[in-house]
Structures are given as C-alpha cells and as structure tokens.
2 protein chains.
Amino acid sequence: MEARGGIDLGGTKIQAVVVDGDYGVVGEARHPTPRDGGPAGVAEAMAGALREAAAAAGVEPGSLAGVGVGSPGNVDDAAGTVSRARNLPDWEASFELGPALAEALGTRVRLGNDVQVATDAEHRLGAGRGYTSLLGVFWGTGVGGGIILDGEAWLGRSGAGEIGHMVVKRDGARCPCGRRGCMEAYAGRAAMEAHARKEHEHGTKTDLFSIMRKHERERLTSGIWSRAVEKGDHLAKHLIERAVEALGCGVASACNLLDVEAVIIGGGMGLRFGEPGVERIAAAMQPHLFNDANPPDVRLAALGDLGGATGAALLVD
Amino acid sequence: MEARGGIDLGGTKIQAVVVDGDYGVVGEARHPTPRDGGPAGVAEAMAGALREAAAAAGVEPGSLAGVGVGSPGNVDDAAGTVSRARNLPDWEASFELGPALAEALGTRVRLGNDVQVATDAEHRLGAGRGYTSLLGVFWGTGVGGGIILDGEAWLGRSGAGEIGHMVVKRDGARCPCGRRGCMEAYAGRAAMEAHARKEHEHGTKTDLFSIMRKHERERLTSGIWSRAVEKGDHLAKHLIERAVEALGCGVASACNLLDVEAVIIGGGMGLRFGEPGVERIAAAMQPHLFNDANPPDVRLAALGDLGGATGAALLVD
C-alpha cells in the first residue's frame with residue numbers, strides 16, 4: 001500500500017502527517033493556523049504543512065495515494081466543500097477546500113469531520129482497538145464527540161456527535177454556542193478561560209494569567225491549566241474540577257443512552273491531564289451511570305497529538 | 001402467516017393481543033398486574049390475559065405461531081429469564097418467564113425489552129414508518145427510551161435506551177432511581193406524584209388528590225393529571241410544564257448526540273397529552289438543539305395503548 005497524507009485542521013494549528021501502508025507516521029509537520037487570508041490562506045498553509053511532512057518522509061506529495069483532511073464545520077466530502085467552520089477565520093460560506101488542496105498538492109483529497117476521523121483513528125489504530133462500540137470524547141477548546149457503533153462510524157443525518165452540547169445543567173452556564181448548560185459551557189477550554197478571566201477581573205486570585213504571560217501566550221492553553229493546577233492555584237483547580245464533573249455527568253448520560261463498551265478521552269486537555277485525568281473523569285461518571293455495576297471502559301486516547309491527522313489519512317482508501 | 005400473540009407486561013397492567021399476519025389486532029385483553037404471588041403469579045395472570053385475547057380472536061393459544069413478551073427488567077431471551085423487574089412485585093431474582101408461559105400456553109415464547117419492542121412496533125407499523133433512525137420516548141411512570149439506527153434496534157451491551165436517566169440538571173431533583181437530576185426525576189409520573197404529594201402536604205393547593213379520590217384511584221394516573229390541567233389546577237400545570245421542559249432538554253441532548261431523523265413520543269402520559277403535548281415537547285427541545293435549523297420530526301406514537309403488546313408480537317418470527 002502506498003503512502004498517504006493526513007491533515008488535521010484546527011483553530012490554532014494545522015497538523016500534517018504522511019503515513020506508510022501500516023498507518024505508521026513517517027513524516028509530520030505542524031503550522032499555526034493563519035488568522036489572515038480567509039479559507040484560501042488556510043488552504044495554502046495546509047498544503048505547506050503537508051509538503052513539509054512529505055519532505056520529511058522523503059516522498060513527493062503528488063506520489064501519495066491521496067490526502068485526507070479532518071475539518072471542523074459542515075463538511076461535504078462529495079462536493080469537496082467546508083462551510084461554517086466556526087473557529088476558523090472568515091469561514092462561514094462554503095469553500096472548495098478539496099479542489100484547492102488537490103490542485104496545490106497534485107493528488108486526490110478526501111474530507112471528513114475532524115472529531116469523527118480522530119475517533120476512527122483511535123478505533124482502528126489506538127485505544128479503541130478491539131471494541132465494537134465506543135464514544136470518542138475530545139476535550140479541548142470545545143468538547144467534541146465521535147461515535148462508533150457495530151464497528152462503524154455513526155454520523156446521523158451528518159450532525160451526530162455533538163456531545164459537548166448535551167445539557168448537563170438546565171438554565172446553567174452560558175455556552176460559547178449561545179445556549180445554556182451545555183457540557184462545553186463548563187468543560188470547554190474556551191468557556192473555562194472566559195470564566196477564569198471574569199473571576200480574575202472580579203478580584204479572584206489566580207496565577208493562570210501570569211503563567212500565560214510568562215510563556216508568552218495569548219490564551220490559556222492546556223499546558224497553562226496543567227501548570228497552574230500543579231502549582232496549587234485555587235481557581236485553576238476549582239475550574240478543572242468543575243469541568244471534570246460536567247464531563248462525568250454528560251459522558252455518563254451518553255452512556256446511559258447508548259451503552260457503549262468504551263469511552264476514549266482525547267483532545268488537548270484530555271491528553272495533557274493524561275491517565276490521572278481519565279481516572280477522575282471515570283470516577284465523575286460513576287454516580288450518574290444507570291448501569292453502575294457495569295461501567296464502560298474509559299481509556300486515554302493512544303495516538304496523542306497525531307490522532308486527528310492519522311485519522312484523516314484513514315479517509316484515503 | 002399464522003396469528004401470533006403479544007403481551008406487554010407493565011407495573012400496573014398486563015396487555016395481551018393476538019394479531020393476524022399483517023399485525024392487525026384481532027383479539028385483546030387487559031388484566032391488572034397482580035401484587036401478590038410474585039413472578040409465578042404474574043406469569044399466571046399473563047397466561048390468563050393471552051388466553052382471553054385468543055378467545056376473542058377465536059383461536060387456541062396452542063395454535064399461535066408463538067407469543068412475544070415485552071418485559072421490564074433484565075431480559076435474557078436465550079435463557080428465557082427476566083430478573084430485576086423493578087416495578088413488579090418480588091421480582092429481583094431471575095425467573096424463567098419464557099418456559100413458564102410456554103408451558104401454560106402450549107406455544108413457543110420470545111422475550112424482549114418492553115420499551116424496545118414498543119419502539120420497534122412504532123418503527124415498523126406506526127408513527128416511525130419510513131424513518132431509518134429514530135428515538136422512541138415513552139413518557140409514563142418513568143421515562144423509557146428505544147433506539148433505531150440504520151433501521152435496526154440499537155441495544156448496546158443490552159442496556160441502551162435509558163434516556164430517562166440522562167442528567168438534565170446536575171445536583172438536581174432526586175430521581176426514583178436514587179440519583180439526582182435525571183430527566184425522569186422531573187418527567188416520570190411516579191416522581192411527579194411524589195413531588196405533588198409533598199407540595200400538597202406543605203399546604204400547596206391542588207385538586208389532584210380530590211380528583212384521584214373521586215375516580216377511586218390510589219395513584220395519580222395520566223388521566224388525573226390531564227383532568228387537573230384542564231380544570232386549571234396550578235400545581236398540576238406547573239408540574240406538567242416542568243416535566244415538558246425536562247423532556248425537551250433531555251430529548252434534545254439525545255438528538256445532539258445521535259442526530260436521528262425522528263422522535264416518537266408514547267407512554268401513558270405521552271398518549272394522554274396527545275398532539276398538543278407533542279408540540280409542547282418539540283417546542284421545549286428547540287432551544288437545546290445544536291443543529292436548530294434542522295430539528296428531527298417529533299411525532300405522537302400511532303399504535304396507542306396496544307403498541308407494546310403489538311411490538312411484543314413482532315418478536316415472534
């Protein structure tokens with residue numbers, strides 16, 4: 001089997017990989033997602049990252065069997081388009097991402113949903129191997145979900161997996177999506193940062209923002225949250241606890257509905273808090289599980305940062 | 001195709017039907033579920049109801065192609081057993097319901113989950129015809145859920161569909177299951193009655209209990225709730241509104257996860273409040289739907305009271 005490419009398109013970074021026939025990563029590159037230039041500029045940066053990954057693997061992009069893309073927003077693989085890619089700059093209207101990349105790279109391009117391809121990758125190659133049903137929970141800027149049932153991705157009418165917008169507290173906290181009480185309103189890193197800023201402005205002591213400045217960041221990254229917790233920062237500890245409780249509640253609710261064999265925890269926050277974080281989430285699920293004598297296995301994603309891009313490469317058949 | 005039997009085993013009543021080759025009901029009987037005599041006594045009453053339905057249809061029970069049973073609790077069709085049937089008297093341990101009925105009726109017996117067979121019936125014969133994915137929501141004493149995906153029942157590891165125990169309010173109201181904030185804690189008729197009794201004892205004015213006594217009931221049935229609301233009873237209206245809000249929130253959360261084509265609302269309360277109730281639930285879902293521009297169809301169950309028993313008959317192949 002030929003080498004193929006995979007690109008994970010995120011709101012802050014573009015991760016590209018080239019994998020061999022066994023889906024082992026033989027080249028990779030990471031670029032920041034450009035804030036200017038709109039979808040065309042993003043597509044250019046994606047092609048650049050893939051070219052760099054191909055160079056690292058010692059292959060020409062044009063010689064790849066194809067390139068898969070995991071994208072946020074509404075993805076239409078048949079049409080090659082992505083629209084309403086929320087966290088990306090000026091990407092509301094439909095943009096022909098597939099054709100743009102195919103022309104730039106000289107190979108065919110397949111598009112998929114970012115969270116679903118990461119879930120597929122964990123299922124086929126990572127922590128989800130051997131399970132026929134599982135839920136992928138990607139805890140990062142938001143909280144995304146991917147579903148595997150009977151060994152296959154469940155996409156619904158194309159919009160399934162919005163686990164972050166399951167309501168865990170009716171009339172609860174405001175979510176970045178505009179609704180109230182969503183799991184993401186408590187557990188999404190963006191919502192957590194907004195909450196921390198507000199508390200800080202109102203005089204709550206926290207080192208979160210001084211750590212952020214020290215590391216020359218503009219956002220509270222997963223690493224900053226982790227460092228603040230390690231330093232015993234009260235606000236950081238409180239907001240992480242609040243996030244874990246919301247995740248436990250929402251993921252348990254999903255399990256009460258679907259009774260899957262396993263839950264795979266990934267995403268920037270999930271990976272950063274690692275096994276201890278997964279154990280805390282599993283413990284937070286327990287009181288809400290209807291079938292509490294037979295909880296699902298809860299596992300840390302095994303493919304790490306490269307899971308999304310590797311899953312995208314799986315789109316190329 | 002020969003006639004077959006179906007029995008819906010509920011906490012308060014046993015509904016039996018005999019259906020023809022097109023699953024049209026040609027005989028039916030309803031008995032109260034006996035409170036004494038344990039599982040064996042219940043099995044005897046079930047056999048009695050089925051015999052009566054068969055007599056009404058003019059057939060011998062032994063001539064039926066088989067009898068299907070929709071049961072609460074943990075159902076093991078291969079073993080013919082039911083255990084932990086919560087709302088039934090002294091039915092914690094495993095009881096060989098299949099063999100007991102087969103002997104009493106002289107035909108083979110198939111067992112299934114009560115909510116799932118009612119969902120299957122709506123999918124194949126009722127309001128769910130033509131959909132390939134749907135959620136059955138049975139709003140009664142509790143709130144049960146059945147799932148159809150890709151045209152087939154989704155059972156998970158056998159425990160799927162506990163939509164009533166999806167959490168809609170973390171740290172919220174106490175649920176009859178012992179947990180907190182479940183949808184059923186607000187929308188289950190048992191929880192609603194407990195809440196109404198407490199309010200009434202604490203001096204809240206309500207006609208709910210006088211209507212109950214007038215109709216010589218011991219419980220607040222769906223009909224009593226409906227009559228009280230029609231009379232403008234404030235507490236009844238408030239608790240129904242609270243139930244509808246919880247249903248809207250929990251069912252929308254399930255749709256955000258699964259993105260099914262349709263939601264079918266059944267159960268004693270669902271049927272009693274009918275089309276206007278379904279419209280209220282759909283409206284209550286709307287603010288919580290992530291994909292609010294493309295909500296699922298929300299429909300009233302079409303098979304009414306006989307859906308469970310008819311669905312049980314579908315178990316006989």
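Rules and cut-offs
Residues numbered from 1 in each chain as written. Chains lettered and ligands numbered in written order. Predicted model: local features only at pLDDT ≥ 70, side-chain atom pairs only at ≥ 80, totals over all residues. Least-squares fit on C-alpha atoms with pLDDT ≥ 70 in both. Contact = placed C-beta atoms within 7 Å. Core = buried A, V, L, I, M, F, W, Y, C linked by C-beta atoms within 7 Å. Buried ≥ 20, exposed ≤ 12 C-beta atoms within 10 Å, placed from the backbone. Domains from an automatic or database assignment. Nonpolar A, V, L, I, M, F, W, Y, C, P; charged D, E, K, R; others polar. Helix = DSSP H or I, 4+ residues; strand = E, 2+ residues; numbered from the N terminus. Expected span 1.5 Å × (residues − 1). Bend = angle between axes of the 7 residues up to and from the residue.

## Structural notes on the relation of the copies chain A and chain B
And then number 1: Superposition record for chain A on chain B: RMSD 0.0 Å, screw rotation 180°, translation along axis 0.0 Å. When the rotation and shift are considered jointly, the pair of chain copies conforms to a two-fold rotation axis. Relative to the rotation axis, the closest C-alpha in chain A is found at Lys 169 of chain A, a distance of 2.0 Å.
And then number 2: When the interface residues of chain A are mapped onto chain B, 97% of them again lie at the interface, so the same face is used by both copies.

## Points about the nonpolar core
And then number 1: The biggest cluster of nonpolar side chains holds 220 residues, and the ones touching the most others in it are Ile 7, Met 46 and Val 263 of chain A together with Ile 7, Met 46 and Val 263 of chain B.
And then number 2: Those residues in contact with Met 46 of chain B that lie beyond four places of it in its chain are Ile 7, Leu 9, Ile 14 and Leu 101 of chain B.

## Regarding the domain arrangement of chain A
Accessible area lost upon the coming together of the parts is a frequently used measure of interface size.
Residues and elements named next belong to chain A.
And then number 1: For chain A, the assigned domains read domain 1 (4-118 + 307-314) and domain 2 (131-301).
And then number 2: For domain 1 and domain 2, the distance between their C-alpha centroids amounts to 26 Å.
And then number 3: At the interface, 6 residues of domain 1 touch 11 residues of domain 2.
And then number 4: Of the residues belonging to the side of domain 1 that touches domain 2, the class tally is 2 nonpolar, 4 polar and no charged.

## Structural notes on the environment of Leu 155 of chain A
All names here are of chain A.
And then number 1: On the secondary structure map, Leu 155 appears in the loop between β10 (152-153) and α4 (183-187).
And then number 2: Distance from Leu 155 to Gln 15, taken between C-alpha atoms, is 24 Å for residues 140 residues apart in sequence.
And then number 3: When neighbours within four sequence positions are excluded, Leu 155 is seen to be in contact with Gln 116 and Ala 160.

## Focus on the interface of chain A and chain B
And then number 1: Taken together, the contacts link 33 residues of chain A with 32 residues of chain B.
And then number 2: Contributions of two or more residues to the side of chain A that touches chain B are made by β9 (143-149) and α8 (234-258) of chain A.
And then number 3: A per-class count over the side of chain A that touches chain B returns 15 nonpolar, 10 polar and 8 charged.

## Considerations on helix α9 (residues 267-285) of chain A
All names here are of chain A.
And then number 1: Across its 19 residues, α9 extends only 18 Å between first and last C-alpha, which sits more than 12% below the 27 Å expected from 1.5 Å per residue.
And then number 2: The largest bend in α9 comes to about 110°, at Gly 274, with the proline Pro 276 one to four residues further on.
And then number 3: Here α9 has its buried residues at Gly 267, Gly 268, Met 269, Gly 270, Leu 271, Phe 273, Gly 277, Val 278, Ile 281, Ala 282, Ala 284 and Met 285.

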